[in-house]
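Single-letter residue listing:
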Amino acid sequence: MIISSGEQSPSIDPDAWVAQDVTVFGDVVIGAGSRIMHGARLVAEAGGSIRIGRNCIVLENAVIRATGRHDCKLGDHCVVGPNSHVVGAQIDDEVFIATGAAVFHGAHIGRGSEVRIHGTVHLRSRLEPGTTVPIGWVAVGDPAEILSPDQHEEIWAIQKTLDFPGFCVWG
């Protein structure tokens, strides 16, 4: 379903392929050679924009969102795995975001990085090029520290200073 929002309409390169049951809403640009697979949702709401580069694959049921405060950009040759969630982030070229991963508002993932299965890149966090977030681990901070999920106190010590409500909701 291709849906305009006000004066903003999706733009899909003729060389891209978008499954019939995908939602593409608002100011979304999909580059040449990219494939958006079944059930994916690309939603640019409240004046935000989404840019999908060339030769990207967004797999089944992935969600890519932009808000009025946080545009979202995928570079060229990126893969976003099934059931992943990316909102308001800047993703450089050749990045792999695996199944069930989450990338939050204001994150920046450097070229050639990997966020493996169920990995998380927290809001306002920056991964240097070539960084790997292991399966189920959390990257948090700028530059990001990569911590195992059992390190809740260490994660929270960094995360609380990032001000999720102020940065994402009210700011």
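Provided above is the structure to which this section pertains.
Let me begin by describing the structure that accompanies this report. (Residues numbered from 1 in each chain as written. Predicted model: local features only at pLDDT ≥ 70, side-chain atom pairs only at ≥ 80, totals over all residues. Heavy atoms only, no water.)

**Quick word on the overall build of the protein chain**
Scanning the protein chain from terminus to terminus reveals 2 helices and 23 strands. Relative to the compact-globule value of 16 Å for 171 residues, the protein chain shows a C-alpha radius of gyration of 15 Å, a close match. Once the C-alpha set of the protein chain is aligned to its principal axes, its extents read approximately 45 × 30 × 25 Å. Burial statistics for the protein chain: of 171 residues in total, 44% are counted as buried. Counted over contacts in the protein chain with a minimum sequence separation of 6, partners at least 24 positions apart contribute 6%. (Helix = DSSP H or I, 4+ residues; strand = E, 2+ residues; numbered from the N terminus. Rg over C-alpha atoms; globule rule 2.2 N^0.38 Å. Buried < 20%, exposed > 50% of the residue type's maximum accessible area, 1.4 Å probe, protein only. Contact = heavy atoms within 4.5 Å.)

**Side note on the sheet that holds strand β14 (residues 90–91)**
Neighbouring strands of a sheet are bound in pairs by backbone hydrogen bonds; such pairs are parallel or else antiparallel. Within the open sheet, the 7 strands sit side by side as β2-β5-β8-β11-β14-β17-β20. Their pairing is parallel. Two strands in the sheet have a free side with no partner beyond their single neighbour: β2 (11–12) and β20 (126–127). As paired elements, β14 and strand β17 (residues 108–109) share 2 bridges and run parallel to each other. Bridge pairing in β17 places glutamine 90 opposite histidine 108. (Pairing = 2+ DSSP bridges.)

**Section: the pairing of strand β7 (residues 41–44)**
Here β7 shows a buried face lined by Leu42 and Ala44 and an unburied face lined by Arg41 and Val43. Both strand β4 (residues 23–25) and β7 contribute to a ladder of 3 bridges, which runs parallel. Its bridge partner lying in β7, threonine 23 is registered against arginine 41. Two elements, β7 and strand β10 (residues 63–66), share 4 bridges in a ladder whose sense is parallel.

**Here we look at the sheet that holds strand β21 (residues 132–133)**
Strand order in this open sheet of 7 strands is β3-β6-β9-β12-β15-β18-β21, and the pairing throughout is parallel. Each end of this open sheet is capped by a strand with a single partner; those strands are β3 (17–18) and β21. Taken together, the 2 bridges between strand β12 (residues 79–80) and strand β15 (residues 96–97) define a ladder with parallel strand orientation. Residue pairing for β15: valine 80 is matched across the bridge by isoleucine 97.

**Some remarks on the nonpolar core**
By size, the foremost hydrophobic cluster in this structure holds 35 residues, and its most contacted members are Leu42, Ile64 and Ile91. Every element with two or more residues in this core is listed here: β5 (27–30), β7, β8 (49–52), β10 and β11 (72–74). Excluding residues within four positions of it along the chain, leucine 42 makes contact with Thr23, Val24, Phe25, Val28, Ile30, Ile36, Ile50, Ile52, Val58 and Ile64. Core analysis: the next-biggest nonpolar cluster, separate from the first, contains 9 residues, Val140, Leu147, Ile155 and Phe167 among them. (Core = buried A, V, L, I, M, F, W, Y, C linked by side-chain atoms within 4.5 Å.)

**A look at the state of the cysteines**
The final tally for this structure, using the stated rule, is 0 disulfides. With no disulfide of its own, cysteine 56 lies closest to cysteine 78 among cysteine sulfurs, the gap being 4.6 Å. The exposure class assigned to cysteine 78 is buried, which follows from its relative accessible area of 1%. (Disulfide = S-S within 2.5 Å.)

**A word on the pattern of salt bridges**
For the structure shown, the criterion picks out 7 salt bridges. Of the charged contacts, one joins aspartate 93 and arginine 111 as a salt bridge, the two residues approaching to 3.4 Å between their closest N and O atoms. A residue pair is termed long-range when its members are at least 10 positions apart, and aspartate 93 in the loop between β14 and β15 and arginine 111 in the loop between β17 and β18 (114–115) qualify at 18 residues. Among the ionic pairs, arginine 126 bridges to glutamate 128, the shortest N-O distance being 2.1 Å. Accessibility expressed as a relative area gives 38% for glutamate 128, which makes it partly exposed. (Salt bridge = Lys/Arg side-chain N within 4 Å of Asp/Glu carboxyl O.)

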